[in-house]
Amino acid sequence: MMLQAYLDESVMGDNKNARVFTVAACLAPDVQWRKFNKSWRTVLKEQNLEYFHMTDYESRQGPYKKWSQNRRVAVLKSLHKIMRERISVFISVSFCLSDYESLQSDTLVGPYAFALHGCFLQINKWRQSTGATAPIEFIFETGSGHGNDIRCVCERIGASVAFADKSRYPLHAADILAFESNKETENYKIREGNPGKPFRLSASHLIKGRTEYCVHMPKRNLEKAVLNFMTWLHEDS
């Protein structure tokens, strides 16, 4: 059995000092991804969509512009249901960009590499918890602009890597998870450590009860994590 993890990132925020960066991964056995693809394709075909993009959906742009609220809710719930049924584990790492950048100096490494490494750490925790030993193929969207960071981290851990365009349905799921994880981090204002907006209904429907490997890093936790990452990155180099 082969496991496949599809990854995507999200960067959002109302101002540059509170912009949140997220990398998310959806992991499942290849047999479950085949079932996922069949169900996902059916929903998109019913809605006359080539692919699903959460940012456009949320902002009511493109093909979602004239959708009624009932249609919006029904379609997203259908996609969430498929994700919850077929994806073994949801993984994400989120933090405020300004916090990350304040901890870096001459050895500045992009936030994507740090967040990606954080996702690998969460996957290792999941492996230890479940006893899963099957090899994992990590699949990224072609042309994401993060090729150097992906190589930086994946080559160092010997990960199997592949790239696919946005027509690959599991990348849509990673996009949704990255968006929801990012918005939840923004809503809870991790920089101050104080609760903000209530739990998003869409996030609740998708990940509630399955957030064990979805990490939101306030600055007090970020400092140690960045130090450990930089030590790992430069050891034996």
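For the structure, see preceding data.
Residues numbered from 1 in each chain as written. Predicted model: local features only at pLDDT ≥ 70, side-chain atom pairs only at ≥ 80, totals over all residues. Heavy atoms only, no water.

**Focus: the nonpolar core**
We apply this condition: Nonpolar core, defined: a set of buried Ala, Val, Leu, Ile, Met, Phe, Trp, Tyr and Cys residues in which side-chain atoms within 4.5 Å join the residues together. Only protein chains enter the calculation, and the probe is 1.4 Å; a residue is then buried if its accessible area is under 20% of its type maximum, exposed if over 50%, and partly exposed in between. Only DSSP runs of H or I reaching four residues or more are called helices, and only runs of E reaching two or more are called strands; each is numbered from the N terminus. Contacts are assigned to residue pairs that have any heavy atoms within 4.5 Å of one another.
Among the nonpolar cores identified, the biggest contains 39 residues, and Phe95, Phe114, Leu116 and Phe229 are the most heavily contacted of them. Among the secondary structure elements, those contributing two or more residues to this core are β1 (3-12), β2 (20-29), β3 (89-96), α4 (97-103), α5 (111-130), β4 (136-141), α6 (147-157) and α9 (219-234). At nine residues, the largest contribution of residues to this core is made by α5. Not counting the four nearest positions on each side in its chain, Leu116 is found in contact with Leu7, Val23, Phe140, Asp149, Ile150, Val153 and Cys154. Cys26, Ala28, Val75 and Ile207 belong to the second largest nonpolar core, which has 37 residues in total.

**Considering α5**
Worth spelling out the cut-off: Expected helix span is taken as 1.5 Å per residue step, with the number of steps being one fewer than the number of residues.
Here α5 spans 29 Å end to end across 20 residues, near enough to the 28 Å set by a 1.5 Å rise per residue. At the C-terminal side of α5, Gly131 shows a positive phi close to 80°.

**Some remarks on α9**
Our working definition: Note: the arc covers the axis-to-C-beta directions of the helix.
The first and last C-alpha atoms of α9 sit 22 Å apart over 16 residues, in line with the 22 Å expected at 1.5 Å per residue. Considered for burial, the residues of α9 that qualify are Leu222, Ala225, Val226, Phe229, Met230, Trp232 and Leu233. The buried residues of α9 occupy an angular sector of 155° when projected down its axis, which confines them to one face. Those residues of α9 that are exposed and angled more than 90 degrees off the buried face are Arg220, Glu223, Lys224 and Leu227. Against β3, α4, α5, α6 and β6 (214-217) lie the buried residues of α9.

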